[in-house]
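Chain and residue survey
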Amino acid sequence: MRIVFMGTPDFSVPCLDALIKDGNEIAGVFTQPDKPKGRGYTMTPPPVKVLALEKGIEVYQPKTLRDEAALELVRSLAPEMIVVVAYGKILPAEILDLPAYGCINIHASLLPEYRGSSPIQQAVLDGKKETGVTAMYMDEGIDTGDMLMKAVLPVGENETADELHDRLSLAGAELIVKVVHAAQDGTLVREKQDDSKSSHAGMLTKEMSKIDFTRPSSEVHNKVRGLNSWPSASAELCGKRIKIHRTKIAQGGGKPGQVISLTPLIVACGDGAVEIVELQPEGKKKMDAKAFINGLHGAKAGELFFC
């Protein structure tokens, strides 16, 4: 299959790699422009660009696809199929209609649930026991096209959004290869989405970070997992902001936010408690809870409160 691939972040890389290893002809890769990163604001290429260049594939980084130049560029590449995985740009109808086998998107949820930009994190925030990836035909809506195939994955009790992200990206890679084969065999079956069952996963913001310990322990735990590694759940202790990266559901109770044990570090919630496993004090690196407690120099449980 002659494919134009469109994708940008780490999540997209396994899909591109799988399509290459499957023997497909990648006519070109479209990705977002390089961006400055780090303290030195060094211009850094997207992960998809790095892989494409390693494989000797031509890379295109247009600022928009909504002009004649972009349309002519895609048309000149003569794709039989366009595969889109977390590209970050909207495809106009003129491009959607170009390839004979259509534009196929890999989305990290079991559609129509969690349409939008943060489906992985939202599934964890909501405490879902399973999620997955969906392959679908693209239309002009946001994740509204007809579904083709799905892969369902369980979500671990303590699994973070970052960990789930990596597993879903691999599942997406397996799925897109199956879709390409089925398209060539003429065996793809379309299934319309039930809009009445749809939900939306909006963009994450730093304002979501603050933990409310008056909430049940399950909600606090899911927030920590769901916001790992960005924007990270956080709370204040002794007037200093602390990012909390990993927790477990724990036994115990007390005033919300009260430290009820130091070894292990357990904090009371509105209902139940959570054990803080890994955290990051302001201006310091990540550390386990034991190292953090050792630095408190004689603090006592019951006297400390996270807020």
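Residues numbered from 1 in each chain as written. Predicted model: local features only at pLDDT ≥ 70, side-chain atom pairs only at ≥ 80, totals over all residues. Heavy atoms only, no water.

1. Quick look at the overall build of the protein
Helices and strands together make up the secondary structure of the protein, namely eight helices and 17 strands. Principal-axis analysis of the C-alpha atoms gives the protein an extent of 70 × 45 × 30 Å. Among the 307 residues that make up the protein, the fraction classed as buried is 48%. A separation of at least 24 residues holds for 65% of the contacts in the protein among residues at least 6 apart in sequence. In the form shown here, the protein has an accessible surface area of approximately 15,000 Å², with 50% of it arising from carbon and sulfur atoms. Of the charged side chains in the protein, 36 are positive and 40 negative, and the gap between their average positions amounts to 8 Å. (Helix = DSSP H or I, 4+ residues; strand = E, 2+ residues; numbered from the N terminus. Buried < 20%, exposed > 50% of the residue type's maximum accessible area, 1.4 Å probe, protein only. Contact = heavy atoms within 4.5 Å. Areas by Shrake-Rupley, 256 points an atom, 1.4 Å probe, with all protein chains shown as cover. Lys, Arg positive; Asp, Glu negative; His and termini not counted. Charge placed at Lys NZ, Arg CZ, Asp CG, Glu CD.)

2. Let's talk about the packing of helix α1 (residues 13-21) against helix α2 (residues 47-54)
Packed helices, taken two at a time, are described by the angle between their axes plus the distance between the axes. Two elements in contact, α1 and α2, have axes separated by 9 Å at closest approach and are oriented at 20°. Relative to α2, the element α1 is oriented roughly parallel. Here the hand of the crossing between α1 and α2 comes out right-handed. Across the interface between the two elements, Val13, Leu16 and Asp17 from α1 touch Pro47, Val48, Leu51 and Ala52 from α2. Of the residues that constitute the contact of α1 with α2, the class distribution is six nonpolar, no polar and one charged. (Axes fitted to C-alpha atoms, helices over the stretch in contact; angles between N-to-C directions. Parallel < 35°, antiparallel > 145°, perpendicular 65-115°, else oblique. Left-handed = near helix turned anticlockwise from the far one by under 90°. Nonpolar A, V, L, I, M, F, W, Y, C, P; charged D, E, K, R; others polar.)

3. Structural notes on a negative patch on the surface
A cluster of acidic residues, Asp67, Glu68, Glu94, Asp97, Asp139 and Glu140, forms a negative patch at the surface. In this structure, aspartate 139 sits in the loop between β9 (130-137) and β10 (147-154). (Patch = residues over 30% accessible without salt bridge, like charges linked within 9 Å, V, L, I, M, F, W, Y side chains within 5 Å. Salt bridge = Lys/Arg side-chain N within 4 Å of Asp/Glu carboxyl O.)

4. Things to note about the pairing of strand β7 (residues 103-107)
When you tally the buried positions in β7, you get five out of five residues, the bulk of the element. Sheet topology places strand β6 (residues 81-85) next to β7; three bridges connect them, and they run parallel. Note on β7: the bridge partner recorded for isoleucine 82 is cysteine 103. In this structure, β7 lies alongside β9, joined through four bridges in antiparallel fashion. The partner of isoleucine 106 across the bridge, within β9, is alanine 135. (Pairing = 2+ DSSP bridges.)

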